[in-house]
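# Structural description and commentary
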Amino acid sequence: MPELPEVETIKNDLQKKVAGLILQDVLITKKAKQIRKPSFRRFKEELISRKIKKAERLGKFIVLHLSSRKFLVIHLRMTGRLLVRKRNTKPDDYLKVAFVLTKNKELRFTDARGFGTIELLNKKELTKLQEKVGPDPLDKSFTAGDLEKRLQRRKRAIKLTLLDQSIVSGVGNIYANEALFAAKVNPRRKASSLSGKNVKLLHESLKKILKKAIKFRGTTAKDEYFVDTEGKKGRFKSYLKVYQRQGEKCPNCKGKIKRINLGGRGTFFCPSCQK
DNA sequence: GATACTTCCTGAGAGC
DNA sequence: TGCTCTCAGGAAGTAT
């Protein structure tokens, strides 16, 4: 499932491949529930003849800036994919929306489980979304002190707190598990119980892991859902220390990696080194 | 305001 | 082989 490094990979691809191109048509298959607003007809009308000026990332959202001063905001959730294909090539499975572009290209949105969302927002609506989304962990201005403030008074488990997009944006299940392992923090601990030293290490680990994952173009986990805009897998999976490695030896000690359920999410950690 | 629970959705895999 | 059941999970909406 796409988190910050995967979304960043796709955003960078889109910036290279589709920025500067003009939307010639929008093909909407089935009842594409992914399109939240506006209506199908208006959605299509508002997109045709517009230029994609640039691609940006906001947490786990991909924001395409259009020449109409509107923004195509896409969230892939769990199984959404954005693929850049040549026109009239073999159709992709689970295709929901195809954006037909100049230079004989198509930007295809596919989604097996259908949780993804596509919205066309104006500036005011985008600002509202930006205000709702927490700071980006890779933003230079995001310090350990900021994280500490955000974790203060939070009674929820640190793992669940990290997944809250209003606290830190872009972190999902894979990287929350990995960062907590690197920081030697038990995912069940209350967020507010972390010491300054814990938070500093967590902050550092988070940045380091996310950067490395971007370098390897993200993680394609066991479910194999994540691929880049060419359909290629991410290569960070082999660097994962705990995620989906229950029963395996901890790379730091002789303990075994355990899987528990926290807030309905699979949580992976080493009970002997994460305290 | 913070937290917990429910819902959305469908493919994959287990069990029979 | 084919059916049913369970699980996976991000985030919005609702309840506490």
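Around DNA strand C, the surrounding shell holds 13 residues, and the nearest of these are His-75, Arg-77, Met-78, Arg-259 and Gly-266. By atom count, sugar and phosphate contribute 62% of the portion of DNA strand C lying within 4 Å of the protein. In this structure, Gly-266 approaches DNA strand C through a main-chain N or O atom, which is 2.9 Å from a phosphate oxygen. Of the residues in the surface near DNA strand C, the class split is three nonpolar, four polar and six charged.

Looking now at the layout of surface pockets. By volume, the largest pocket is sized at about 980 Å³. As for the largest pocket, its lining consists of 40 residues, and the residues nearest its centre are Lys-60, Phe-61, His-75, Arg-77 and Gln-165. With five residues, helix α3 (residues 123-132) is the largest single contributor of residues to the lining of the largest pocket. Looking at the lining of the largest pocket residue by residue, the classes come out as 14 nonpolar, twelve polar and 14 charged. When we break the lining of the largest pocket down by domain, the ones giving at least three residues each are domain 1 (4-132) and domain 2 (144-269). The space that makes up the second largest pocket amounts to roughly 320 Å³. Contributing to the lining of the second largest pocket are 13 residues, with Glu-178, Ala-182, Lys-208, Ile-209 and Lys-241 lying nearest its centre. Going through the elements one at a time, α6 (173-182) and α7 (196-215) are the ones with two or more residues in the lining of the second largest pocket. Ranked by the residues each element gives to the lining of the second largest pocket, the list is headed by α7, at six residues. Looking at the lining of the second largest pocket residue by residue, the class counts come to six nonpolar, two polar and five charged.

This brings us to the sheet that holds strand β1 (residues 23-28). Sheet strands associate in pairs through backbone hydrogen bonding, adopting either a parallel or an antiparallel arrangement. The strand order across the open sheet formed by four strands is β1-β7-β8-β6, and the pairing between neighbours is antiparallel. The open sheet terminates on both sides in strands that have one partner only, identified here as β1 and β6 (80-86). The mean angle between the axes of side-by-side strands here comes to 15°, regardless of whether they run parallel or antiparallel. For β1 and strand β7 (residues 95-101), the ladder comprises five bridges, and the chain directions are antiparallel. The residue of β7 that forms the bridge with Asp-25 is Val-100. Contacting β6 and β8 (105-111), helix α1 (residues 4-17) runs over the sheet at an angle of about 25° to β6. Contacts from helix α2 (residues 40-47) reach β1 and β7 within the one sheet, and its direction differs from that of β1 by about 160°.

All right, on to a positive patch on the surface then. Judged by side-chain charge, Lys-208, Lys-212, Lys-215 and Lys-241 come together as a positively charged surface patch. Secondary-structure assignment places Lys-241 in the loop between α7 and β10 (258-262). By relative accessible area, which is 42% here, Lys-241 ends up partly exposed.

Quick look at the side chain of Thr-110 now. Along the chain, the position of Thr-110 falls in strand β8. Residue Thr-110 is classed as buried on the basis of its relative accessible area of 3%. Once residues lying within four places of it in the same chain are set aside, the contact partners of Thr-110 are Thr-79, Gly-80, Arg-81, Leu-83, Asp-92, Asp-93, Tyr-94, Leu-95 and Lys-96.

To continue, consider the pairing of β8. Of all seven residues that make up β8, six are buried, and the element is covered over most of its length. Sheet topology places β6 next to β8; seven bridges connect them, and they run antiparallel. Across the sheet, Lys-86 pairs through a bridge with Lys-105, a residue of β8. Pairing analysis gives six bridges linking β7 to β8, with the strands arranged antiparallel. Among the inter-strand pairings, Val-97 is bridged to a residue of β8, identified as Phe-109. Joining the antiparallel neighbours β7 and β8 is a turn of three residues, in which Lys-103 adopts a positive phi near 60°.

About the thresholds
- Residues numbered from 1 in each chain as written.
- Chains lettered and ligands numbered in written order.
- Predicted model: local features only at pLDDT ≥ 70, side-chain atom pairs only at ≥ 80, totals over all residues.
- Heavy atoms only, no water.
- Near = heavy atom within 4 Å.
- Polar contact = N/O pair within 3.5 Å; in protein donor to acceptor, adjacent residues only side chain to side chain.
- Nonpolar A, V, L, I, M, F, W, Y, C, P; charged D, E, K, R; others polar.
- 1 Å grid on protein atoms, 1.4 Å probe; cavity = no way out; pocket = protein on both sides within 12 Å on 5 of 7 lines; lining within 4 Å.
- Points joined across faces, edges and corners; volume = space filled by probe spheres on them.
- Helix = DSSP H or I, 4+ residues; strand = E, 2+ residues; numbered from the N terminus.
- Domains from an automatic or database assignment.
- Pairing = 2+ DSSP bridges.
- Axes fitted to C-alpha atoms, helices over the stretch in contact; angles between N-to-C directions.
- Contact = heavy atoms within 4.5 Å.
- Patch = residues over 30% accessible without salt bridge, like charges linked within 9 Å, V, L, I, M, F, W, Y side chains within 5 Å.
- Areas by Shrake-Rupley, 256 points an atom, 1.4 Å probe, with all protein chains shown as cover.
- Salt bridge = Lys/Arg side-chain N within 4 Å of Asp/Glu carboxyl O.
- Lys, Arg positive; Asp, Glu negative; His and termini not counted.
- Charge placed at Lys NZ, Arg CZ, Asp CG, Glu CD.
- Buried < 20%, exposed > 50% of the residue type's maximum accessible area, 1.4 Å probe, protein only.

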